[in-house]
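Results of the structural survey
If you want the building blocks of each chain, they are given just below.
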Amino acid sequence: MIQDLDFERPISELELKIEEFKQLSNGQGKDLSKEILKLELKCARLKEETFANLSRWQRTLLARHPNRPYTLDYISYIFHNFIELHGDRLFSDDPSIVGGLAKLDDRSVLVVGQQKGRNFKEKVYRNFGMPHPEGFRKALRLFTLAEKYHLPVITLIDTPGAYPGLGAEERGQAEAIAKNLFVMAELKVPIISVIIGEGGSGGALALGVANRVLMLEYAIYSVISPEGCAAILWQDGEKAQEASEALKLTAYDLLPLKVIDEIIKEPLGGAHRNPALMAVNLQEALKAYLADLSTFNPEELVQQRHEKFRQMGVFKEL
Amino acid sequence: MWFARNKTELKKIGDNNKLDIPEGLWIKCNACKAIVYKKEVEKNSKVCPKCNYHFRISAQERIDLLTDPSTFEEVDSLLTTADPLKFKDSKRYPERVNQANKALGIREAVICGSGRLNNTLIQLCIFEFNFMGGSMGSVVGEKISRSIERAIDQHIPLAIVSCSGGARMQEGILSLMQMAKVSSCLAKFFKQGLPYISILTDPTTGGVSASLAMLGDIIIAEPGALIGFAGPRVIEQTIKQKLPEGFQRAEFLLKHGMIDMVVARRELKQTIGNIINHLGFN
């Protein structure tokens, strides 16, 4: 079921009309091809106009779009022979992070990512993509497994953030995230991270210390959610739109800040309008970056990753 | 009659001074609400003599507490904040920084340098909570990274005293990246076989706890310090129930296996000294 954002509605209405015309054309033998072509052109123009001038808030909504492809969708499009692995060997298996072995072309890799749910039941099962410490510790276990068998690591990032709850705190949410940053920094295999939807704060970064960080065109990546920022700095959670502007959380904001290496173009109208095409774009990028990183030896990989993050930040020295 | 009047007067002094240690002879303890003689509290390392409540202290006071007299040499004090996002909420970000700078006489939310602790040379970083909640932006991340690198170069131990609400929102994603930056530097540091003592004080939350604070070889917390990833208010709003007494306090973390020990302020220096000594540095 397509669920529309406000600014998408005119596009969806046109698409619906085109579909109707096509059915008329097929069913009743009427030749409506001219009208259909006209509508399609109009629709493409509308999409272009709408998407050329998206506000940061609109991009935030797109990043959280209920129809947006999630980690497991990309895994099934991009990889084959996926074998999911479970559990942190310490406490439990966190369904809000998935991971396992998979083939990209003929190359085995480890893929890990946060997983959101599509319907209500799934959402609850996946805890809305908000990991507990055991999720991060599962990821950590898989990272070290990949290192042991010299497998490249690919992470797909899509989370509102680490879960703020009683159990999460008791079991050391902060320590779990910190340890991931620490271990990823020294991992002796290539790491590529892709922010595919929401890059929510520490819960996102815990899978994001990579040699190459890619970002889908309408994804966001931020130190805090616009709602959280608004609640603290504006003392008003309703000011999330303003906060999203101030936080500069879009792919186009982050590229010049050197936080990401490349923006992966989305199909016109967003990844959810053509997940297959989106997956092809992403797969091509992953293959290219993986080929490039394969020329590095383990020490170089660690060194490159360290230097990449060591240089992050903007300050003055008097 | 005289008794009642006296009582209201005392109460007034306390109420006017809820958070900071006020000017004047008497102060009210934030925890037990007792009215205590200020000089006595100060002599007691700013710990309430009645209930052992640890008042928050400044970075400078912390330096005096932990280092041998006149051995601390500050570095990187000229690193200052830029405004990469041109961030503005009700105020512009540079205004907030200037305000903190003027009020405190320091340029950023962490003070770094080397000093001697019971005669052992260490690199020391101390967060200043009064500077924008001790939040970590580019400068804080850079200063701590440089201190870690100095400790590697000089082959000496590192101690960081955290006191921070977390990453600084006004530098957006760049603040988040500081977590990865300092963690990556710490990973390098650990390969050298050097000790890092992490000291958690009230409060240590968010991006600071989820990076450098929880990565110590040894993690020590001050009694009663609030330590966690999410702040208590956020958790209450999420789970829609009141948090249990003592949740996210130092003693709670000790019980759940997240820290090595809870150490009273007056024993902190000696304890760190002993640990460093055990680990082979003196």
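1. Describing the overall build of chain B
Helix and strand content of chain B: 10 helices and 10 strands. For a compact globule of 282 residues, the expected C-alpha radius of gyration is about 19 Å, and chain B comes in at 19 Å, within 12% of that figure. Here the C-alpha coordinates of chain B stretch approximately 70 × 45 × 40 Å along the principal axes. Considering chain B as a whole, with its 282 residues, one finds that 57% of them fall into the buried category. When contacts within chain B are restricted to residue pairs at least 6 apart in sequence, long-range pairs at least 24 apart make up 66% of them. When the accessible surface of chain B is summed, it comes to about 12400 Å², and 50% of that surface belongs to carbon and sulfur atoms. Of the side-chain charges in chain B, 37 are positive and 29 negative, and the distance between the mean point of each set is 6 Å.

2. Looking at the side chain of serine 211 of chain B
When you line up the elements, serine 211 of chain B lands in the loop between helix 7 (206-209) and strand 9 (218-221). Look past the residues within four positions of serine 211 of chain B in its chain and what remains in contact with it is Ala178 and Leu181 of chain A together with Met136, Met179, Val182 and Ser183 of chain B.

3. Some remarks on the nonpolar core
Counting residues in each nonpolar core, the largest one holds 168 residues, and the members touching the most others are Tyr74, Phe79, Tyr221 and Leu286 of chain A together with Ile144 and Leu212 of chain B. Looking at which element gives the most residues to this core, the answer is helix 6 (residues 172-191) of chain B, with 12 residues. Discounting residues that sit within four places of it in the chain, tyrosine 221 of chain A has contacts with Ile195, Gly199, Ala204, Leu205, Met215, Leu249, Leu254 and Val259 of chain A together with Ile173, Leu176 and Met177 of chain B. Leu5, Ile11, Ile18 and Tyr218 of chain A belong to the second largest nonpolar core, which has 13 residues in total.

4. Observations regarding the sheet that holds strand 7 (residues 158-164) of chain B
All names here are of chain B. The strand order across the open sheet built from seven strands is 3-5-6-7-8-9-10, with neighbouring strands paired in mixed fashion. With partners counted over all chains shown, the strands left at the sheet margins are strand 3 (73-75) and strand 10 (261-262), one partner each. One ladder, built from three bridges, connects strand 3 with strand 5 (residues 110-117); its direction is antiparallel. Along strand 5, the bridge assignment pairs glutamate 73 with serine 114. Against the sheet, helix 5 (residues 138-154) makes contact with strand 3, strand 5, strand 6 (120-127) and strand 7, and its axis sits at roughly 170 degrees relative to strand 6, the strand it touches most.

5. Describing the environment of tyrosine 125 of chain A
Residue and element names in this part refer to chain A. When you line up the elements, tyrosine 125 lands in helix 5 (residues 120-125). Classification of tyrosine 125 by relative accessible area gives exposed; the value is 51%. The sequence separation of tyrosine 125 and serine 96 amounts to 29 residues, and the corresponding C-alpha distance is 7.8 Å.

6. Here's the deal with the interface of chain A and chain B
Size of an interface, as often reported, equals the accessible area lost when the parts are brought together. Contacts between the two partners involve 48 residues from chain A, matched on the other side by 60 residues from chain B. Taken together, both faces of the contact between chain A and chain B bury some 4800 Å²; the carbon and sulfur share is 72%. Scanning the region where chain A abuts chain B turns up four salt bridges. Arginine 310 of chain A is the partner of glutamate 142 of chain B in a salt bridge, and the nearest nitrogen-oxygen pair spans 2.9 Å. Our count for the chain A to chain B interface comes out at 15 residue pairs in polar contact (both at pLDDT 80 or more). Broken down by secondary-structure element, the contributors of at least two residues to the side of chain A that touches chain B are helix 7 (166-170), helix 8 (173-186), helix 9 (201-205), strand 7 (220-222), helix 10 (226-233), helix 11 (240-247), helix 14 (298-310) and strand 9 (315-317) of chain A. Per-element tally for the side of chain A that touches chain B: the top contributor is helix 8 of chain A, with 10 residues. Residue composition of the side of chain A that touches chain B, grouped by class: 29 nonpolar, nine polar and 10 charged. Both strand 9 of chain A and strand 4 (residues 79-81) of chain B contribute to a ladder of three bridges, which runs antiparallel. Considered in strand 4 of chain B, the bridge of phenylalanine 315 of chain A is made with threonine 81 of chain B.

7. Brief notes about the domain arrangement of chain A
Residues and elements named next belong to chain A. Domain parsing of chain A yields domain 1 (6-53) and domain 2 (60-310). For domain 1 and domain 2, the distance between their C-alpha centroids amounts to 35 Å. If you look at the interface, domain 1 gives nine residues, while domain 2 gives eight residues. Interface of domain 1 and domain 2: buried area, both sides summed, is about 710 Å²; carbon and sulfur atoms make up 60% of it. Three residues, Glu8, Lys47 and Phe51, lead the burial of domain 1 against domain 2; their summed loss comes to 67% of the area buried on that side. Remark: the boundary between domain 1 and domain 2 carries two salt bridges. Here glutamate 15 and arginine 273 are joined by a salt bridge, their closest N and O atoms 2.7 Å apart. The tally of links between domain 1 and domain 2 comes to five residue pairs in polar contact (both at pLDDT 80 or more). Among the elements of the structure, helix 1 (9-28) and helix 2 (33-52) are those that each provide at least two residues to the side of domain 1 that touches domain 2.

8. What to know about the pairing of strand 3 (residues 107-114) of chain A
Residue and element names in this part refer to chain A. The buried fraction of strand 3 is high, at six of eight residues. Two elements, strand 2 (residues 97-104) and strand 3, share eight bridges in a ladder whose sense is antiparallel. In the strand pairing of strand 3, glycine 100 is matched with valine 111. Hairpin connection from strand 2 to strand 3: two residues lie between these consecutive antiparallel strands, with aspartate 105 at a positive phi of about 55 degrees. Of the strand pairs in this sheet, strand 3 and strand 4 (residues 153-159) are connected by four bridges, and their pairing is parallel. Note that in strand 4 the partner of leucine 110 across the bridge is valine 153.

About the criteria used
Residues numbered from 1 in each chain as written. Chains lettered and ligands numbered in written order. Predicted model: local features only at pLDDT ≥ 70, side-chain atom pairs only at ≥ 80, totals over all residues. Heavy atoms only, no water. Helix = DSSP H or I, 4+ residues; strand = E, 2+ residues; numbered from the N terminus. Rg over C-alpha atoms; globule rule 2.2 N^0.38 Å. Buried < 20%, exposed > 50% of the residue type's maximum accessible area, 1.4 Å probe, protein only. Contact = heavy atoms within 4.5 Å. Areas by Shrake-Rupley, 256 points an atom, 1.4 Å probe, with all protein chains shown as cover. Lys, Arg positive; Asp, Glu negative; His and termini not counted. Charge placed at Lys NZ, Arg CZ, Asp CG, Glu CD. Core = buried A, V, L, I, M, F, W, Y, C linked by side-chain atoms within 4.5 Å. Pairing = 2+ DSSP bridges. Axes fitted to C-alpha atoms, helices over the stretch in contact; angles between N-to-C directions. Buried area = accessible area lost by both parts, 1.4 Å probe. Salt bridge = Lys/Arg side-chain N within 4 Å of Asp/Glu carboxyl O. Polar contact = N/O pair within 3.5 Å; in protein donor to acceptor, adjacent residues only side chain to side chain. Nonpolar A, V, L, I, M, F, W, Y, C, P; charged D, E, K, R; others polar. Domains from an automatic or database assignment.

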